[in-house]
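# Chains, contacts and geometry: an overview
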Amino acid sequence: MPTHVPVFLATTLLLAMLPGASQALMIRQALEGGRRTLQGTLAGNASGFLLWSTAAATGLSAVLLASPAAYAALRIAGGVVLMILGVNTLRTALTPISARPSREEGRRTGFAGGYVTGLITNLGNPKAGVFAVSVLPQFVTAQGPVFLSTVALGALWALVSASWYALLTWAVGRGRALVSRPAVLRGLSVITGVVLLGLGIAVAAGV
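An unreviewed UniProt entry annotates the protein chain as LysE family translocator of Nonomuraea maheshkhaliensis. What UniProt states about the protein chain under its Subcellular location (unreviewed entry) heading is, verbatim, "Cell membrane".

In structure tokens form, the structure reads like this:
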């Protein structure tokens, strides 16, 4: 059965609050992706946590991390997705407003596209994989249904992270509504694009 649940909740919350690929992605989607795309990204990211915890419960995550080729392919895929998002964000930020597509055209990705992006980014995040393999099992005792307990902790992990990202993106959205000057929004988009691009390169390179 799970043990030290309050400590686990605090640990996953702190992990979610650390700057990283998922957090930069959420900010990007809040600024440019649209509501449905953001919702899909949140769901995809949460699904990634569930998959990692389920894989940890069955021992698959340890096998994956022990296979350099398989994990490198997964890591590189996640890095490429981040790099593409970073480039697209920078391109949009540096394009004159008059030359940009309309608001609706710029939000055609939708829930499904956001879901895939969030899922791939999560699965390609080394931090999530290492946590699932090395930290998550420490909160499960040998007594009781170990598999179900591990998956249950994974569901809590996903819920805590999704709650934090929902709060973060709400704050970003509020800030965007309050600070509506194009120069400020452009600056935020440029910073987000650079961070996504840098994180994508780092993730793909295994840094």
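Moving on from the model shown.
## Concerning the overall build of the protein chain
Summing up its helical and strand segments, the protein chain has 9 helices and 0 strands in all. Sequence-ordered secondary structure for the protein chain, helices as α and strands as β, is α-α-α-α-α-α-α-α-α. Of all 207 residues assigned to the protein chain, the portion counted as buried reaches 40%. A separation threshold of at least 6 residues defines the contact pool for the protein chain, and within that pool the share at least 24 residues apart is 87%. Total accessible area computed for the protein chain in this model is approximately 10,400 Å², and 72% of it derives from carbon and sulfur atoms.

## Remarks on the environment of valine 135
Assignment of secondary structure puts valine 135 in helix 7 (residues 126–135). Linking valine 135 and phenylalanine 8, residues 127 residues apart in sequence, is a C-alpha distance of 9.5 Å.

## Here we look at empty space enclosed by the protein
Take a probe with the size of a water molecule and roll it over the atoms, and the empty space left behind shows itself. Applying the stated criterion across every chain yields a total of 1 cavity of 30 Å³ or more. Roughly 90 Å³ of volume is contained in the largest cavity. For the largest cavity, the full set of lining residues is Thr12, Leu15, Ala16, Ser22, Phe49, Asn122, Asn125, Lys127, Ala128, Trp157, Ser161 and Tyr165. Partitioning the lining of the largest cavity into residue classes produces 6 nonpolar, 5 polar and 1 charged.

## So, the nonpolar core
Residues Phe8, Trp52, Leu153 and Trp157 are the most contacted members of the largest nonpolar core, which totals 17 residues. Counting residues per element, the ones that place at least two in this core are helix 1 (5–17), helix 3 (35–58), helix 6 (110–123), helix 7 and helix 8 (146–178). Among the elements that line this core, the one with the most residues is helix 3, at 4 residues. In this structure, Ala16, Ala30, Tyr165 and Val172 belong to the second largest nonpolar core, which totals 10 residues.

## Brief notes about the UniProt feature "transmembrane region" (unreviewed entry) in the protein chain
Under the UniProt annotation, "transmembrane region" (unreviewed entry) lies at residues 48–66, 73–94, 146–171 and 183–205. Helix makes up 100% of residues 146–171 and strand 0%. Its end C-alpha atoms lie 38 Å apart.

## As for helix 1
Over its 13 residues, helix 1 runs 18 Å from end to end, which matches the ideal 18 Å to within 8%, given 1.5 Å per residue. Listing the buried residues of helix 1 in full gives Phe8, Thr12, Leu15 and Ala16. The buried residues of helix 1 occupy one face: seen down the axis, they fall within an arc of 100°. The exposed residues of helix 1 that point more than 90 degrees off its buried face are Pro6 and Leu14.

## Description of the side chain of serine 47
The residue serine 47 is located in helix 3 in this model. For serine 47, the residues in contact, after removing those within four places along its chain, are Tyr115 and Leu119.

Rules used in this analysis
Residues numbered from 1 in each chain as written. Predicted model: local features only at pLDDT ≥ 70, side-chain atom pairs only at ≥ 80, totals over all residues. Heavy atoms only, no water. UniProt positions renumbered as here; feature names shortened; annotations may be inferred. Helix = DSSP H or I, 4+ residues; strand = E, 2+ residues; numbered from the N terminus. Buried < 20%, exposed > 50% of the residue type's maximum accessible area, 1.4 Å probe, protein only. Contact = heavy atoms within 4.5 Å. Areas by Shrake-Rupley, 256 points an atom, 1.4 Å probe, with all protein chains shown as cover. 1 Å grid on protein atoms, 1.4 Å probe; cavity = no way out; pocket = protein on both sides within 12 Å on 5 of 7 lines; lining within 4 Å. Points joined across faces, edges and corners; volume = space filled by probe spheres on them. Nonpolar A, V, L, I, M, F, W, Y, C, P; charged D, E, K, R; others polar. Core = buried A, V, L, I, M, F, W, Y, C linked by side-chain atoms within 4.5 Å. Expected span 1.5 Å × (residues − 1). Arc of directions from axis to C-beta.

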